[in-house]
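# Analysis of the macromolecular model
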Amino acid sequence: MNRYFFEKDDYVQHRYGGVYQFVGHATDTATGQEVVVYAHVWPFDDKLFTRPSSEFYDGRFARLTDIEFIELKKAYSLEQMQDSIKHNKANGLTFGKSV
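These remarks concern the structure in this document.

The rules behind each value
- Here the residue numbers are simple positions, counted from 1 along each chain's written sequence.
- Since the coordinates come from a predicted model, pLDDT governs what is reported: local features require at least 70, and pairs of side-chain atoms require 80 or more to be given and counted, while whole-chain, interface and lining totals use all residues.
- Calculated side-chain values reflect all of the structure's heavy atoms, with hydrogen atoms and water omitted.
- Each pair of aromatic rings taken from Phe, Tyr and Trp, with Trp reduced to its six-membered ring, is defined by centres within 6.5 Å and is described as stacked if the planes are under 30 degrees apart, edge-to-face if over 60, and tilted in the remaining cases.
- Secondary structure elements follow DSSP: runs of H or I of four or more residues count as helices, runs of E of two or more count as strands, with numbering from the N terminus.
- When a residue's accessible area, from a 1.4 Å probe over protein chains only, is under 20% of the maximum for its type it is buried; when over 50% it is exposed; and in between it is partly exposed.
- When the NZ atom of lysine or the CZ atom of arginine is within 6 Å of a ring's centre and also within 35 degrees of its normal, the charge is said to sit over that ring.
- Two N or O atoms count as a polar contact when they lie within 3.5 Å, although within protein this holds only if one can serve as hydrogen donor and the other as acceptor, and sequence-adjacent residues are included solely when both atoms are side-chain atoms.
- Pairs of residues are marked as contacts when any of their non-hydrogen atoms sit within 4.5 Å.

### Thoughts on the packing of aromatic side chains
In the structure shown here, the tally under the stated rule is 16 aromatic pairs. Ring centres 6.2 Å apart and planes at 80° place the aromatic pair Tyr 20 and Phe 49 in the edge-to-face group. With Tyr 20 in strand β2 (residues 19–27) and Phe 49 in strand β4 (residues 47–52), the pair connects residues that are 29 residues apart, well separated along the chain. On the basis of relative accessibility, which here comes to 13%, the residue Tyr 20 falls in the buried class. With 4.2 Å between their ring centres and 20° between their planes, Phe 56 and Phe 61 make a pair best called stacked. Members of the aromatic cluster, each reached through a chain of ring pairs, are Phe 5, Phe 6, Tyr 20, Phe 22, Tyr 38, Phe 49, Phe 56, Tyr 57 and Phe 61. Between the NZ or CZ atom of Arg 63 and the centre of the ring of Phe 5, over which it lies, the distance is 5.2 Å.

Rendered as structure tokens:
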């Protein structure tokens, strides 16, 4: 695992379709486990999340360039993207690969 695969403020997309901004690494005070801190930016409400680093770097997140994020927002309305993510989660599908 390369803990520096993403840099602060990089956009990353979850396999279901949601877009987040990488914040950094932290330590879970209860477990001592390294976690990744990331912020949801689109298409749902802004929220901060943490996830064990091992999960964050297991392939479920991919970097998006600024241009790719802009193009994604042009291609899908907020409602279309929200519906797509809900569908993908419910069916275990990956964004852009569902039929």
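More follows now that the structure is in view.
### Re the side chain of Arg 51
Positionally, Arg 51 belongs in strand β4. At 3.1 Å, the side chain of Arg 51 and the side chain of Tyr 38 are in polar contact. Discounting chain neighbours no more than four positions away, the residues touching Arg 51 are His 14, Val 35, Val 36, Tyr 38, Phe 56, Arg 60 and Phe 61.

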